[in-house]
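# Reading the structure
The residues making up each chain are set out below.
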Amino acid sequence: MSRRTPGTAAAVVVSVTLLVTLAAGCSSHGTTGIPSTPASAVSSPVMTTAPAAPSVAAVVTTVPSAPANAAAAPTVSPSAVATTPTPAGASSDLAAVNRDLAAIDAGSSATDNELAAGDSARAQNDDAQ
Amino acid sequence: MNRLTRATAGCAAAAVTLVGLSTSAFAATTTGPTAATSSTSPAGGAGQHGQSLTAIQQRAAAAISRRLASLSVAINDVTNSTAISSGDKTTLLATLNGDVTGLTALGVTIAADTTAQQALTDYKTIFTGFRVYALALPQVHFAAAADTITVTVLPKLTDAQSKLAALLAGVDSGKNTPAVQAAMADLATQITAITGATNGLSATVLAYTPAQYDANHALLSPSRASLAISRNDVHTARGDITTVTKALA
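Residue indices begin from 1 for each chain and proceed along its sequence in written order. A letter from A marks each chain and a number from 1 marks each ligand, given out in the order of writing. It should be noted that, the model being predicted, local features are given only for residues of pLDDT at least 70 and side-chain atom pairs only at 80 or more, the latter also being counted only at that level, while totals for whole chains, interfaces and linings use all residues.

### Describing the overall build of chain B
Test applied: By the criteria applied, helices consist of DSSP H or I runs no shorter than four residues and strands consist of E runs no shorter than two, each listed in order from the N terminus. A residue is called partly exposed when the number of other C-beta atoms within 10 Å of its own lies between 12 and 20, exposed at 12 or fewer, and buried at 20 or more, with C-beta atoms placed from the backbone. We call two residues in contact when the distance between their C-beta atoms, placed using the backbone, is within 7 Å.
What chain B contains, in helices and strands, is 10 helices and 0 strands. Starting at the N terminus and ending at the C terminus, chain B contains elements arranged as α-α-α-α-α-α-α-α-α-α. With 249 residues in all, chain B has 47% of them scored as buried. For chain B, contacts bridging at least 24 residues in sequence account for 80% of all contacts bridging at least 6.

### Thoughts on the overall build of chain A
Across its full length, chain A carries 4 helices and 0 strands. The order of helices and strands in chain A, counted from the N terminus, is α-α-α-α. Counting only residues that meet the buried cut, chain A has 10% of its 129 residues in that class.

### Here we look at the interface of chain A and chain B
Threshold: Note on residue classes: Ala, Val, Leu, Ile, Met, Phe, Trp, Tyr, Cys and Pro are nonpolar, Asp, Glu, Lys and Arg are charged, and everything else, Gly too, is polar.
On the chain B side, the residues contacting the 29 residues of chain A number 39 residues. Looking at the side of chain A that touches chain B residue by residue, the class counts come to 14 nonpolar, 8 polar and 7 charged.

### Brief notes about the packing of helix α6 (residues 132–169) of chain B against helix α10 (residues 221–248) of chain B
For any two helices packed against each other, the geometry comes down to the angle between their axes and how far apart the axes lie. Residue and element names in this part refer to chain B. Rules: With axes taken as lines fitted to C-alpha atoms, and helix axes fitted only over the stretch in contact, angles between N-to-C directions fall between 0 and 180 degrees. Working rule for angles: under 35 degrees goes down as roughly parallel, over 145 as roughly antiparallel, 65 to 115 as roughly perpendicular, anything else as oblique. Each crossing is labelled by how the near helix is turned from the far one, with a counterclockwise turn of less than a right angle marking it left-handed and a clockwise turn marking it right-handed.
The N-to-C vectors of α6 and α10 enclose an angle of 25°; their axes lie 11 Å apart at closest approach. The angle between α6 and α10 falls in the class roughly parallel. For the element pair α6 and α10, the recorded crossing hand is left-handed. Contacts from F142, A145, A146, I149, V153, L157, A160, L164 and L167 of α6 reach α10 at S223, R224, L227, S230, V234, A237, I241, V244 and L248. Of the residues contributing to the contact of α6 with α10, the split by class is 15 nonpolar, 2 polar and 1 charged.

### Quick look at helix α4 (residues 86–112) of chain B
Worth spelling out the cut-off: For a helix, the expected span equals 1.5 Å multiplied by the number of residues minus one.
For α4(B), built from 27 residues, the straight-helix expectation of 39 Å at 1.5 Å per residue is met to within 8% by its first-to-last C-alpha distance of 39 Å. Of the positions making up α4(B), those classed as buried are D88(B), T91(B), L92(B), T95(B), L96(B), D99(B), V100(B), L103(B), L106(B), G107(B), I110(B) and A111(B).

### What to know about the confidence of the model for chain A
All names here are of chain A. Put simply, the rule is: What pLDDT reports is the predictor's confidence in each residue, on a scale of 0 through 100.
Averaged over every residue, the pLDDT of chain A is 59; residues scoring 70 or more account for 31%. Across chain A, the element-wise mean pLDDT spans from 36 in helix α2 (residues 52–61) up to 91 in helix α4 (residues 86–123). For residues 22–85, every residue scores under 50 in pLDDT, and the model assigns this stretch 25 contacts once sequence neighbours within four places are set aside.

### Observations concerning the packing of helix α3 (residues 53–80) of chain B against α6(B)
Residues and elements named next belong to chain B. In contact at an axis separation of 10 Å, α3 and α6 are set at 10° when each is read in the N-to-C sense. In terms of orientation, α3 and α6 fall into the roughly parallel class. Seen from α3, the contacting residues are R67, S70, L71, A74 and V78; seen from α6, they are V132, L137 and V140. Per-class residue counts for the contact of α3 with α6 are 6 nonpolar, 1 polar and 1 charged.

### Description of the confidence of the model for chain B
All names here are of chain B. In this model, chain B carries an average pLDDT of 85, and 80% of its residues clear a pLDDT of 70 or more. Predicted confidence for residues 1–44 stays below pLDDT 50, and this span has 76 contacts to residues more than four positions away or in other chains. For this predicted complex, the interface confidence score (ipTM) comes to 0.80, while the overall pTM stands at 0.66.

### What to know about unusual backbone geometry
One non-glycine residue, R131(B), lies in positive phi territory at about 50°. Relative to the assigned elements, R131(B) resides in the loop between α5 (116–128) and α6.

### So, α5(B)
All names here are of chain B. If you check α5, its first and last C-alpha atoms are 18 Å apart, about what 13 residues at 1.5 Å a residue would give, namely 18 Å. Those residues of α5 not exposed but buried are A116, A119, L120, D122, Y123, I126 and F127. On the buried face of α5, the contacting elements are α3 and α4.

### Focus: the nonpolar core
Going by this rule: A set of buried Ala, Val, Leu, Ile, Met, Phe, Trp, Tyr and Cys residues, joined through C-beta atoms within 7 Å, is what we mean by a nonpolar core.
Formed by 70 residues in total, the largest nonpolar core has its most connected members in A60(B) and I126(B). Elements supplying a minimum of two residues to this core: α4 of chain A together with α3, α4, α5, α6, α7 (178–198), α8 (201–207) and α10 of chain B. Considering each element in turn, this core owes the most residues, 20 residues, to α6(B). The contacts of I126(B), once residues within four sequence positions are left out, are A60(B), A63(B), I64(B), L103(B) and L106(B).

### A few points about the environment of G174(B)
As for its position among the elements, G174(B) is in the loop between α6 and α7. Residues G174(B) and L248(B), spaced 74 residues apart in sequence, show a C-alpha to C-alpha distance of 9.5 Å.

Following this line, the structure appears as structure tokens:
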């Protein structure tokens, strides 16, 4: 029995060490999925996985419905969404309006010429002399 | 008017050809002016103002020739015009061709007159019966001006108005400032005014007759005034459009 005692003690120490190691490992894995606990001392060994959490958070902030970014979203997304499809349609409409203006100018000039010609005809003496 | 200017040279020759008939008739009579005035009849020697028959006939020939040349140019211009409506073209060409026929026949009549008194009476008809310069040609130009506004300018004003309104109601709603709104409101006002002033104006102008002009020499003045006002309204409307387009640029 006395010969077994040191061996048993050694086995107990090894077992306890393994258990502690396993327990630590399990607890650290459990905290990596929780971004809200980065201050945990246990999570420090998991800092290598931390970058993944911020990247997920960044994707979430691009979603307009994210309440966390409600203040920032209105200043950026409305104008960006509105102006993106605008240039093509608005510019073509303005170009059409400019063509209308050119036609109006041509018509105005023709009208002026016709009025001047009519006045010129009227200015001629059309009575017997 | 540019179209008239361009066509003048080409059509003058044709008009001179038309006048040839009447001038040759005059020539037949006036080759012997002395004989005509002294041998036909005592009354043929001098008209109301002491003019000889030959002198009256020569003046008549010149007046008719000038008018036929002008009418020929006008007929060509009306025929080739893209501004004058087809209905107005029909009316104008009927008037102008009728004047050509009437003046040509009058020239033959005057050339055949045997008294200065009769020639003078017929000579006056060149003016009172046709009013080529006082009425017919202004009818051409004023109708063309009215049609240009109604057929060309007004639709473009309306088109620009609707396009700008759509932009201001949509993607450019943020640029719909009070100044832009005022310009758009004035544009609508101008379009309404132009539409009202030119509606039926060419038909009114074309309906006037030499007899009406003889009774009222200011016959065309109201129509001419309406055209001037409309032309000014077009200018104002164009300024409104420019104001809005600059705001949207």
